[in-house]
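Observations on the model geometry
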Amino acid sequence: MTAAIIDGKAFAVTVREKVAGHVARLVEEHGITPGLAVVLVGEDPASQVYVRNKGKQTKEVGMLSVEHRLADTTSEEDLLALIDQLNKDPKIHGILVQLPLPDQLDSDLVINSIDPAKDVDGFHISNVGLLGTGQKSMVPCTPLGCLMMLRDTHGSLSGLNAVVVGRSNIVGKPMAQLLLGDSCTVTIAHSRTKDLAEVCRGADILVAAVGRPQMIPGDWVKPGATVIDVGINRIPKEDGKSRLVGDMDFASAVQVAGAITPVPGGVGPMTIACLLANTVTACCRANGLPEPEGLTV
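Notes on the structure in this doc start here. (Residues numbered from 1 in each chain as written. Predicted model: local features only at pLDDT ≥ 70, side-chain atom pairs only at ≥ 80, totals over all residues. Heavy atoms only, no water.)

Some thoughts on the overall build of the protein chain
Secondary structure assignment for the protein chain yields ten helices and eleven strands. Here the protein chain has a C-alpha radius of gyration of 19 Å; the compact-globule value for 297 residues is 19 Å, and the two agree. Its C-alpha atoms give the protein chain principal-axis dimensions of about 50 × 45 × 35 Å. The buried share of the protein chain, taken over its 297 residues, is 48%. In the protein chain, of all internal contacts separated by at least 6 residues, the share reaching a separation of at least 24 is 68%. As displayed, the protein chain offers around 13,600 Å² of accessible surface, 51% of which is attributable to carbon and sulfur atoms. Considering the protein chain, the positive charge centre built from 26 side chains and the negative charge centre built from 33 side chains are found 3 Å apart. (Helix = DSSP H or I, 4+ residues; strand = E, 2+ residues; numbered from the N terminus. Rg over C-alpha atoms; globule rule 2.2 N^0.38 Å. Buried < 20%, exposed > 50% of the residue type's maximum accessible area, 1.4 Å probe, protein only. Contact = heavy atoms within 4.5 Å. Areas by Shrake-Rupley, 256 points an atom, 1.4 Å probe, with all protein chains shown as cover. Lys, Arg positive; Asp, Glu negative; His and termini not counted. Charge placed at Lys NZ, Arg CZ, Asp CG, Glu CD.)

Here's what the structure looks like:
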């Protein structure tokens, strides 16, 4: 058996096209342009690339893109004042503070200062609680993208056994909540789980989000299972350069799984696409309009 490849790049293009269509209708029918503000503190190279890509894709779908680039010496008081300003700005429907933040800034305090209705990353404690209790919330982008691809692959997820390897607040925990919401039977496992291999082998859906390169081999995968590899790890090559790999050993897993996301080109492209989707959703909610079909939970 060779698994079907779940093409995250192609899926993300489809999501962005849907977003662009919703944006065009909001502008034409209601005179409203969804707005996304991204705040970057410091000079982290990876964060700069990510923020640049976000801005580019935001503009491409017709949304308002606002960037605030602050020095790495920015005080907590000044950053919170900026967020307060964005919270009050009716043209801004989504606010994202790029992580990680410099050491002098309390990430939890900063994230929880964002208006939960504008928290398009889905990290605010209020959104975490709403998601955990099955209420309407802003959903973290990466788990939302994973759920979209799983629904596209399976149709209904009801009754399937799902194992999420990883317990982070950003991916593992919200991913488990979303799968529960779609009536899966969910196990959250991690690097210290006893008999982790056997736990993984029981999964119809296996989500690898543990942050360890190629940790999960193919013989941990149930034949025919759907594998979602969230890991993005850089490892050295023999020529001194490096390459990206996931948390799965792709070469062995692709021989066993029914469907699998590659790294790169799987989950990664869906994250920004879902950020754009969340911004449109936030805009619709703020204006009392129907939520965009196919872009929300």
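Looking at the pairing of strand 10 (residues 242-245)
Across four bridges, the pairing between strand 9 (residues 233-236) and strand 10 is antiparallel. Paired with Arg234 across the two strands is Leu244, which belongs to strand 10. From the end of strand 9 to the start of strand 10, which pair antiparallel, there are five residues, and Gly240 there has a positive phi angle of about 90 degrees. (Pairing = 2+ DSSP bridges.)

Notes on unusual backbone geometry
Here the amide bond leading from Leu99 into Pro100 is cis, since omega sits at 5 degrees, within 30 degrees of zero. Here the bond from Val263 into Pro264 is cis, since omega is 0 degrees, no more than 30 degrees from zero. Positionally, Pro264 belongs in the loop between strand 11 (259-260) and helix 10 (268-286). Look at Ser183: it is not a glycine, yet its phi comes out positive at around 70 degrees. Inspection of the secondary structure puts Ser183 in the loop between helix 7 (172-181) and strand 6 (185-189). You can call Ser183 partly exposed: its relative accessible area is 42%.

Some remarks on the sheet that holds strand 1 (residues 4-5)
Reading across from one edge, 1-11-8-7-5-6 is the order of the six strands in this open sheet, with parallel pairing throughout. Two strands close off the open sheet at either side, each with one partner strand: strand 1 and strand 6. Each of strand 7 (205-208), strand 8 (226-229) and strand 11 touches helix 6 (residues 141-154); the most contacted strand, strand 8, lies at about 160 degrees to it. Its contacts with the sheet place helix 7 against strand 5 (161-165), strand 6 and strand 7, and it is angled at close to 170 degrees to strand 5. (Axes fitted to C-alpha atoms, helices over the stretch in contact; angles between N-to-C directions.)

Side note on the side chain of Gln57
By the element assignment, Gln57 lies in helix 2 (residues 45-60). The class for Gln57 is buried, based on a relative accessible area of 16%. With sequence-adjacent residues up to four places away left out, Gln57 is seen in contact with Arg16, Ile272 and Leu276.

Some thoughts on helix 7
Every buried residue of helix 7 is listed here: Gly172, Pro174, Met175, Ala176, Leu178 and Leu179. Taken from the residues just after helix 7, Ser183 is the one with a positive phi, measuring 70 degrees.

Quick look at the sheet that holds strand 2 (residues 35-41)
Pairing within the open sheet is parallel, and its three strands lie in the order 3-2-4. Among the strands making up the open sheet, the edge pair consists of strand 3 (64-70) and strand 4 (94-97). This sheet shows a mean twist of 15 degrees between the axes of neighbouring strands, independent of strand direction. Where strand 2 lies against strand 4, four bridges are found, and the strand directions are parallel. Its bridge partner being in strand 4, Val38 is matched across the sheet by Leu96. The strands touched by helix 2 within the sheet are strand 2, strand 3 and strand 4, with strand 3 carrying the most contacts at an inclination of about 160 degrees. Helix 3 (residues 76-88) rests against strand 2, strand 3 and strand 4 of the sheet, and its axis sits at about 175 degrees to strand 2.

Side note on the environment of Gly172
Turning to its location among the elements, Gly172 is positioned in helix 7. Judged by relative accessible area, Gly172 falls into the buried class, the value being 0%. Considered as a pair, Gly172 and Gly134 are 38 residues apart in the sequence and their alpha carbons are 16 Å apart. Once residues lying within four places of it in the same chain are set aside, the contact partners of Gly172 are Val164, Gly166 and Arg167.

Some points on a positive patch on the surface
A cluster of basic side chains, namely Arg167, Lys173, Arg192 and Arg212, defines a positive patch on the protein surface. Relative to the helices and strands, Arg212 is located in the loop between strand 7 and strand 8. (Patch = residues over 30% accessible without salt bridge, like charges linked within 9 Å, V, L, I, M, F, W, Y side chains within 5 Å. Salt bridge = Lys/Arg side-chain N within 4 Å of Asp/Glu carboxyl O.)

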